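Each chain is listed here by its residues.
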Amino acid sequence: MNTRLLSITQVAAQVRNAVVTDAHGIAEVHVAAAQTAYRDIMPADLIARFSVEQSAASWHERLRRSSGRSIYVVECDGRIAGFAACGPSRDPAPTVGPTGQLHVLNVAPAFWRQGLGRALCEQIIHEARQRGCRTLSVWVLADNAAARALYAASGFTPDGIERMDDTLCGRPLRELRYVRTLP
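Below is a short write-up of the structure.

### What to know about unusual backbone geometry
Notably, aspartate 77 is not glycine yet its phi reads approximately 50°, a positive angle. The topology assignment puts aspartate 77 in the loop between strand 3 (70–76) and strand 4 (79–88). Exposure remark for aspartate 77: the relative accessible area of 81% places this residue in the exposed category. At arginine 113, a position not held by glycine, the phi torsion is positive, near 60°.

### Points about the environment of arginine 16
Mapped onto the secondary structure, arginine 16 falls in strand 2 (residues 14–17). Accessibility expressed as a relative area gives 10% for arginine 16, which makes it buried. For the pair arginine 16 and valine 74, spaced 58 residues apart in sequence, the C-alpha separation works out to 6.5 Å.

### Some points on helix 4 (residues 116–130)
Here helix 4 spans 21 Å end to end across 15 residues, near enough to the 21 Å set by a 1.5 Å rise per residue. Taken together, the buried positions of helix 4 are occupied by Leu116, Gly117, Ala119, Leu120, Cys121, Gln123, Ile124, Ile125, Glu127 and Ala128. Looking one or two residues beyond helix 4, the residue adopting positive phi is glycine 132, at roughly 85°.

### Some remarks on the pattern of salt bridges
This structure, assessed with the given rule, holds 10 salt bridges. Arginine 49 is the partner of aspartate 45 in a salt bridge, and the nearest nitrogen-oxygen pair spans 3.6 Å. Between arginine 65 and glutamate 61 there is a salt bridge; the shortest N-O distance is 3.4 Å. Highlighted residues: arginine 65 and glutamate 61, both in helix 3 (residues 52–65), separated by 4 residues, approximately one helical turn. Taking relative accessible area as the criterion, arginine 65 reaches 45% and is therefore assigned partly exposed. Using a relative accessible area of 28% as the deciding quantity, one classes glutamate 61 as partly exposed. Three or more residues are tied together by salt bridges with common partners; here these are Arg16, Asp22 and Glu75.

What counts and how
- Residues numbered from 1 in each chain as written.
- Predicted model: local features only at pLDDT ≥ 70, side-chain atom pairs only at ≥ 80, totals over all residues.
- Heavy atoms only, no water.
- Helix = DSSP H or I, 4+ residues; strand = E, 2+ residues; numbered from the N terminus.
- Buried < 20%, exposed > 50% of the residue type's maximum accessible area, 1.4 Å probe, protein only.
- Expected span 1.5 Å × (residues − 1).
- Salt bridge = Lys/Arg side-chain N within 4 Å of Asp/Glu carboxyl O.

This is the structure we're talking about:
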């Protein structure tokens, strides 16, 4: 099992590979983070319908069959405080060389601004390098200033590629692609 203790966090934290039994903890973080981060971005009735049970079932299946993706959790005092997943890029617009993609990264709101998002980014960057990627990309909602700041602090920059996604909440949301070149 890949486990790394990262010192960049402001709290004692451990990043490790996620396992199937982490599905419920990941779902709790996923729902809490989405409800908080998206409350001014997505319709309130949609956010109210986010369900830990549905998310847990989805994460259980993803963890069971991970298919080329790496999924990590960050733990604080034995509790899942965040998670991230990466894998091959799904972007139609090319970047330079072999490209990995940070598919999702969430940290529980109680742990925001304590370095856990940075720790997860560092793990994903490490994973992408191990896979031989020369570039790592991530899509972020244009209105999610906190996520954009996290990615910028982790060395990602917008590359000018944008898209409108109406599958997230039934109305178009502008997403920006951020990329990081990996030495």
